[in-house]
Amino acid sequence: MTAIDLGGFAGKFAGDDDPWGTFSNRDEAVKRRAILHALGPGPIGRVLELASGNGSNSAAIAPRALRLDATEGTAEGTRLTAAAIARYPRARASALALPAAFPRGVYDAVVVAELLYYLSERDMARVAVDVAAALRRGGRLVLAHHRIDFYDFAQHAGGIQARFLRQTGRHWHVRRVRARRRWQVCVATCTG
């Protein structure tokens, strides 16, 4: 595997606003519905979305959030996310290359989708600790990731969500919301 970097993602977004078909692909729509189900019906207070890409999930999350901070590591993706959530005045897109400090200190829910295997083990460990510190007790952590490897991952997909949760240093109650052969969506709440 040869890991893609932020420059690679920027290039994909510069060439195509939807390089993975996240707005149009039926399987992506099923995954998005699972993410929304994991979040709950709302309204949800403060929601943090990491690596928002082109904003396809952000646009679905925004109506349920009293405040959405959709973060993206590339300028191109941040622009696309801002356009996707423009009609939601309490949603904001901001550039954030991980690991880095989050826009706010505390969140009621955090969504991490299609991100973890693009991070090095070291960077993922730092993001895990940061997410655990930012998620309020009883808040929801939604994880949505592939279960199979792709050529541009920095880490193997198998077990990535469980590894991430272990790296937080916290105890979690985890429930699988939806799984397909290629991906799964889980929701975790911190128990201590």
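Residues numbered from 1 in each chain as written. Predicted model: local features only at pLDDT ≥ 70, side-chain atom pairs only at ≥ 80, totals over all residues. Heavy atoms only, no water.

**Some thoughts on the pattern of salt bridges**
The final tally for this structure, using the stated rule, is 8 salt bridges. Two residues, R67 and D69, come together in a salt bridge whose shortest N-O distance is 3.7 Å. With relative accessibility at 19%, the residue R67 sits in the buried group. Here D69 falls in the buried class, since its relative accessible area comes to 0%. Of the charged contacts, one joins R136 and D108 as a salt bridge, the two residues approaching to 2.6 Å between their closest N and O atoms. Of the two residues, R136 is situated in strand β5 (residues 135–146) and D108 in strand β4 (residues 107–113); the sequence distance between them amounts to 28 residues. Classification of R136 as partly exposed rests on a relative accessible area of 36%. For D108, a relative accessible area of 13% puts it in the buried group. Overlapping salt bridges bring together R67, D69, R92 and R104 as one network. (Salt bridge = Lys/Arg side-chain N within 4 Å of Asp/Glu carboxyl O. Buried < 20%, exposed > 50% of the residue type's maximum accessible area, 1.4 Å probe, protein only. Helix = DSSP H or I, 4+ residues; strand = E, 2+ residues; numbered from the N terminus.)

**Overview of the layout of surface pockets**
Put simply, the largest pocket is a space of about 980 Å³. If you trace the largest pocket, you find 45 residues lining it, with F9, W20, E114, L115 and Y118 closest to the centre. Counting residues per element, the ones that place at least two in the lining of the largest pocket are α1 (6–15), α2 (26–39), β1 (44–50), α3 (56–61) and β4. Looking at the lining of the largest pocket element by element, the count peaks at 5 residues for α2. In terms of residue class, the lining of the largest pocket is built from 22 nonpolar, 11 polar and 12 charged. (1 Å grid on protein atoms, 1.4 Å probe; cavity = no way out; pocket = protein on both sides within 12 Å on 5 of 7 lines; lining within 4 Å. Points joined across faces, edges and corners; volume = space filled by probe spheres on them. Nonpolar A, V, L, I, M, F, W, Y, C, P; charged D, E, K, R; others polar.)

**Things to note about helix α4 (residues 75–84)**
G77, T78, L80, T81 and A84 are the residues of α4 that are buried. Down the axis of α4, the buried set is contained in an arc of 165°. They therefore lie on one face. Exposed and facing more than 90 degrees away from the buried side of α4 are A75 and A83. Against the buried residues of α4 lie α1, α3, β2 (65–72) and β3 (91–95). (Arc of directions from axis to C-beta. Contact = heavy atoms within 4.5 Å.)

**Section: the sheet that holds strand β7 (residues 183–190)**
With respect to topology, 7 strands assemble into an open sheet ordered β3-β2-β1-β4-β5-β7-β6, the strand pairing being mixed. Edge positions in the sheet fall to β3 and β6 (172–179), since each of these pairs with one other strand and no more. Strand after strand, the sheet turns through a mean of 15° between neighbouring axes, direction not considered. Most of the contacts of α2 go to β5, to which it runs at about 165°, and overall it touches β1, β4, β5, β6 and β7. Together, β5, β6 and β7 form the strand contacts of helix α6 (residues 160–167), whose direction differs from that of β5 by roughly 150°. (Pairing = 2+ DSSP bridges. Axes fitted to C-alpha atoms, helices over the stretch in contact; angles between N-to-C directions.)

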